[in-house]
Amino acid sequence: AAVGTVKATDGNTEDVLTYSITEDTSSLFTINSSSGAITVATENALDYETTSTYAITVEVSDNYQSAAGVSEAKTATATITINVNNVNEIPTLTLASSTQTVLEDIATTLSTITVADPDITTLSTDTLTVTLSMENGTLTAGSTTDLTVTNNGTNSVALMGTPTNLNLALSKLTYTGTENYNGTD
């Protein structure tokens, strides 16, 4: 991904400028030696939640050679600050198993569902909404402390809260099939 371009000027218009990164403790960036274009070396390597700002040092050299062929190159350096913009990452809903086998007419705990969102830290008050639906049974969230719950004990339950509180409720989620129902739900 493109980050930006460093531009330098030299009074000697015949000099060819060459750009290089001389300091990058993250090793996440590269520079085009001819154009000065800075890019991210590895796609998806930047994560705002981990590091929101990077500093790199760029050097430009005029590669000057004297008439006798002796290098008399002049260099200049600059520290470039790269700010990472936050994006809304996709939350995840994980099923430990996509198939659950339950006994007919008996409430069964389905402690196999968890949710996460890379944008929400454990100390955050940001929330997620999880909606679970069944055709032939009911779902009942276990712990509903600090959650907004809609239609608990029906075939379509919506839970809203922090990932921590949602995961606690989902760990105690029970499913009860419609009376005498046998089959996939």
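These figures come from a predicted structure and were not determined experimentally.

K.L.:
Is there a simple way to think about the sheet that holds strand β3 (residues 29-31) in this case?
P.N.:
To summarise the sheet geometry, strands pair through backbone hydrogen bonds and adopt either a parallel or an antiparallel arrangement. Pairing within the open sheet is antiparallel, and its three strands lie in the order β1-β4-β3. Across the chains shown, the open sheet's two edge strands, defined by having one partner strand only, are β1 (2-5) and β3. Geometrically, the sheet is characterised by an average inter-axis angle of 20° between neighbouring strands, direction not taken into account. Here three bridges tie β1 to strand β4 (residues 37-40), and the two strands are oriented antiparallel to one another. What sits directly across from glycine 4, in β4, is isoleucine 38.

K.L.:
Just to check I follow, could you spell out the nonpolar core for this structure?
P.N.:
Membership of the largest hydrophobic core comes to 18 residues, with the highest contact counts inside it found for Val115, Leu132, Leu139, Leu159, Leu166, Leu170 and Leu173. Beyond its immediate stretch of four places on either side in the chain, leucine 170 contacts Leu110, Ser111, Ile113, Val115, Leu132 and Leu159.

K.L.:
Explain the packing of aromatic side chains here, please?
P.N.:
What characterises a pair of aromatic rings is the spacing of the ring centres plus the angle enclosed by the ring planes. In total, this model carries one aromatic pair according to the counting rule given. With a centroid separation of 5.5 Å and 70° between ring planes, the pair formed by phenylalanine 29 and tyrosine 54 is classed as edge-to-face. Placement of the pair is phenylalanine 29 in strand β3 and tyrosine 54 in strand β5 (residues 53-61), with a sequence separation of 25 residues.

K.L.:
I would appreciate a short explanation of the pairing of strand β14 (residues 174-177) in the present structure.
P.N.:
Within a regular beta strand, the side chains point alternately toward one face of the sheet and then the other, so they alternate between its two faces. As paired elements, strand β8 (residues 108-109) and β14 share two bridges and run antiparallel to each other. The residue bridging threonine 108 from the neighbouring strand is tyrosine 175, located in β14. As judged from the four bridges shared by strand β11 (residues 137-140) and β14, these two strands associate in the antiparallel manner. Across the sheet, residue threonine 138 finds its bridge partner in β14, namely threonine 176.

Cut-offs and rules
- Residues numbered from 1 in each chain as written.
- Predicted model: local features only at pLDDT ≥ 70, side-chain atom pairs only at ≥ 80, totals over all residues.
- Heavy atoms only, no water.
- Pairing = 2+ DSSP bridges.
- Helix = DSSP H or I, 4+ residues; strand = E, 2+ residues; numbered from the N terminus.
- Axes fitted to C-alpha atoms, helices over the stretch in contact; angles between N-to-C directions.
- Core = buried A, V, L, I, M, F, W, Y, C linked by side-chain atoms within 4.5 Å.
- Buried < 20%, exposed > 50% of the residue type's maximum accessible area, 1.4 Å probe, protein only.
- Contact = heavy atoms within 4.5 Å.
- Phe/Tyr/Trp six-rings, centres within 6.5 Å; stacked < 30°, edge-to-face > 60°.

Any link to function would need more than the numbers given here.
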